[in-house]
Amino acid sequence: MATDLGELLVPYMPTIKVPRTGDRVFKSECAFSFDSPESEGGLYVCMNSFLGFGREHVERHFRKTGQSVYMHLKRHVKEKATGAAGGAIPRRRNGKVFLDLELNRDFNGDEYEYEDEAKLVIFPDHFEIPLPNIEELPALVTIACDAVLNASSPYKKQESESWEEEIQVSKHARSLRQQDNGVRIPPSGWKCAKCEMRENLWLNLTDGSVLCGKWFFDGSGGNGHALDHYKETNFPLAVKLDTITPDGADVYSFDEEEAVLDPLISEHLLHFGIDMLQMQRTENGHHTDNHVQPRVSDWEMVQEAGLKLKNVYGPGYTGIKNLGNSCYLSTTMQVLFSIPEFQRAYVGNLQRIFDYSPLDPTQDFNTQMAKLGHGLLSGLYSKPPMKSELIEQVMKEEHKQQQKGISPKMFKALVSKGHPEFSSNRQQDAHEFFLHLINLVERNSVGFENPSDVFRFMVEERVQCCQSQKVRYTQRVDYLMQLPVPLEAASNREELIAYESKRKEAEENMRPLPEPVRARIPFTACLQAFTEPENVPDFWSSALQAKSAGVKTSRFASFPDYMVLQTKKFTFGVDWVPKKLDISVDVPDFLDLNRLRGTGLQQGEEELPDLTPPIVIPEDTRDNSINNSLESPEIDESSVMQLAEMGFPMEACRKAVYYTGNMGAEMAFNWIIAHMEEPDFAEPLAIPSYMEPDLPSPSLPAISTLDNQPPEESIAILTSMGFPRHHTIQALKATNNNLERALDWIFTHPDCEEETEAMSDTPDTEPNDNSFSNANANSDSLLTPDQEPSSPLFRDGPGRYELFAFISHMGASTMSGHYVCHIKKEGRWLIYNDHKVCLSEKPPKDLGYIYFYRRLSSL
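None of these values were measured; they are calculated from a predicted model.

Cut-off values and rules
Residues numbered from 1 in each chain as written. Predicted model: local features only at pLDDT ≥ 70, side-chain atom pairs only at ≥ 80, totals over all residues. Heavy atoms only, no water. Helix = DSSP H or I, 4+ residues; strand = E, 2+ residues; numbered from the N terminus. Contact = heavy atoms within 4.5 Å. Areas by Shrake-Rupley, 256 points an atom, 1.4 Å probe, with all protein chains shown as cover. Axes fitted to C-alpha atoms, helices over the stretch in contact; angles between N-to-C directions. Parallel < 35°, antiparallel > 145°, perpendicular 65-115°, else oblique. Left-handed = near helix turned anticlockwise from the far one by under 90°. Nonpolar A, V, L, I, M, F, W, Y, C, P; charged D, E, K, R; others polar. Buried < 20%, exposed > 50% of the residue type's maximum accessible area, 1.4 Å probe, protein only. Pairing = 2+ DSSP bridges.

Participant: I would appreciate a short explanation of the overall build of the protein chain in the present structure.
Facilitator: Counting secondary structure elements, the protein chain contains 24 helices and 31 strands. The contacts of the protein chain with a sequence gap of at least 6 include a subset with a gap of at least 24, amounting to 70%. When the accessible surface of the protein chain is summed, it comes to about 40800 Å², and 51% of that surface belongs to carbon and sulfur atoms.

Participant: What's the story with the packing of helix α19 (residues 637-644) against helix α20 (residues 650-659) in this structure? I'm lost.
Facilitator: Helix-helix packing: each pair is described by the crossing angle between the helix axes and the interaxial distance. In the contact formed by α19 and α20, the axes pass within 9 Å of each other and the chain directions differ by 135°. The angle between α19 and α20 places the two elements in the oblique class. The two elements α19 and α20 cross, and the hand of that crossing is right-handed. Note on element contacts: α20 touches α19 through Met-650, Cys-653, Arg-654, Ala-656 and Val-657, opposite Glu-637, Ser-639, Val-640, Met-641, Leu-643 and Ala-644. Looking at side-chain class alone, the contact of α19 with α20 contains eight nonpolar, one polar and two charged residues.

Participant: Help me out: how do you make sense of α20 in this one?
Facilitator: Three or four residues apart is the spacing at which side chains of an α-helix point the same way, because the helix has 3.6 residues per turn. Within α20, eight of the 10 residues are buried, which leaves the element mostly enclosed by the surrounding structure. Those residues of α20 that sit buried are Ala-652, Cys-653, Arg-654, Lys-655, Ala-656, Val-657, Tyr-658 and Tyr-659.

Participant: How should I be thinking about the sheet that holds strand β9 (residues 237-240) in this particular structure?
Facilitator: Strand pairing within a sheet occurs via backbone hydrogen bonds; the two strands may be parallel or antiparallel. The strand order across the open sheet formed by six strands is β6-β11-β10-β9-β7-β8, and the pairing between neighbours is mixed. The open sheet has two edge strands, β6 (168-169) and β8 (210-212), and neither has a second partner. Summarising the sheet, strand β7 (residues 201-204) and β8 pair through three bridges and their orientation is antiparallel. Following the sheet pairing, Leu-201 is matched in β8 by Cys-212. Strand contacts of helix α6 (residues 225-233): β7 and β8, with the helix running at about 120° to β8, the strand carrying the most contacts.

Participant: Explanation requested: the sheet that holds strand β14 (residues 457-465) in the structure shown.
Facilitator: If you walk across this open sheet you meet the four strands as β15-β14-β21-β18, and the pairing is antiparallel. Each edge of the open sheet carries a strand with a single partner, namely β15 (471-478) and β18 (534-535).

Participant: Please explain the pairing of strand β29 (residues 828-833) as it appears in this structure.
Facilitator: Side chains on a regular strand alternate between the two faces of the sheet. The buried count for β29 comes to five of six residues, which makes it a mostly enclosed element. In this sheet, strand β30 (residues 836-839) lies alongside β29 in antiparallel orientation, the contact comprising four bridges. Among the inter-strand pairings, Asn-833 is bridged to a residue of β30, identified as Lys-836.

Right, here's the structure in full:
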């Protein structure tokens, strides 16, 4: 028999691999479904790619790849016989632990036993070889089988090898000397001290300087002023401002040239007025403020605790297991897959997406979206208990968990890959995750239906110079409306004042705090606050050719099919501790926003001239800039030498490194391959003429027409990647000359034609309106008023909506607590609380955080 098995496997031996260190073995979940070894058909693991497939999908993989040998894994779960000793070790077939899997939490270990079964299956004849079979199988096959069976979960591996575990303590952390210069960092409104950047900002822990990072570092925009500051001062450590949480922050060492740990980060931040330790971790893993009394009633009201909620089962009623602070993801995905456009784009195209998926479907966004959508909508993982099971429960007078839900491990690992926050196990903001996911949908919808079109709308911004009364209208794209919450408009203001007086008195006399009072804010007051003009900081008036006071109002240039509305419940205190406003808002079931539609330039209004603000160049840098423009550009000589050693001309190598922004030999190599046939390929590098501008006179402001031509260097970098010149210019204009955002813009707008260069060239000299989400970092940031909102990018229509879903948050901060969502289906409200899906008795609409409205059909 041994000879027979050996001969049988000989043709397949070249395709059987032994998992090596770093290989991911998916033996707990199918790549296309949520089938597992506990499913009826078990799981098939490819012995070449180590991907797992359920019975329904393994044939597709065989046909697509020709791979014939799979390991079939099956876990049999059996209830212990009456009289079995409680706590006994579960029996396993052949006395060996075949499957290194987590025990299913849905089955009590004292009442159930597990029997694992493994065998090799050869396709297409389905010939089966039971395992273990050491004596009869070739040695290589035996080693490969043992390695697969003993491999750890790929998710465990990712956690143990995450960047958080590899970061080392900085050698400067404990000896850092901080300057007593009185610098205090406010909780918001940061801006680079040397430019206008308001993102990717780093706080130097020595002197408190707030400066921007590199545009290609950490995936964010910047001009490298933080690094320049280090070169000037040798102050080594900096912390990224928007990463500070009670658990820590992202710290970078310029001297060590890597991310580092700072065990004294709380003390170093406190030196500049940032208190990150005002929150403590409770036993259940959530953070609470040391001085805030926990609001048990919030948890009870949002989760409808104390009510006998009826479980529901079937298509669209499948829960999602909580992986530990993953409820922000679960609630967002439940709402999105209740929208027909998302259902149609992913579940409606399921077979096409699966058939054309790449060889590793676990790393394909569309595949994993289709898998998750099918898991939620098919009903396969939300089946009601059998009648016999219900009778048994009644007889035993016990309640067992029947709703199991699906586990989003594979999906979360993919969508959070490379993201410092979502890849962690910490709680996150559902609003931020929603925008992150929309960005992924945009990127991966090229050539396919883009379901995020239903959220996209245009914002009309009107800026007025208070002195000249002249105005400017611009338009930009957004996906979410942020609604201010004016506490001064509370309908129970007197009650709040009385509570505050009692609270202060209790604190002074060391007595127990009174019962907190929740502010009740009328929705109309929130909407009114949204429409109010706001001051524009650092406004430069082209009419006066000087800085002046300016005000800005925002209106809708188009109304989307689905309006997403976020109440601005979260803020920062003066001590930097994130706080959640204790409020309720009487959000309506029906919403009419038609009065907020923009009107464009009105009769009698005079537009601000199309002039750019002057470029202010300090005296000490003006001379240097002239000298630098005449000198050779800064080029990474090590990358040049790597390319020259490959046999390319030295001048061509220098040009390649220069035009790819010193981003490394690999990027420069791609530039060389794309430009080898050009006649000037090996000619010396010529600095573009824009490097030698006529500097403005110190006494006269520089005024130019508003053509907003992007820097030639930026254009060269993008065209070197193979993109058309007109497309790169358009992308740079639409993203305010931010290279990374321009690259994303190109990928998300592949079909834009050259005539769309007629889009407004007005630079965004004013900051974006905080009343919108500013989610257009990877989309058209400015569009002319004469672009039709009804074009394929926008679905304009009446601004009348009906509420159909909302996400609620419980807890004191977005970094802690729990999310649940309520969705209206078939005329009834349901509550989705992790794996549990029930009919809602009292949906707490006034305590929601993010609201989803759908457009009412025209009568």
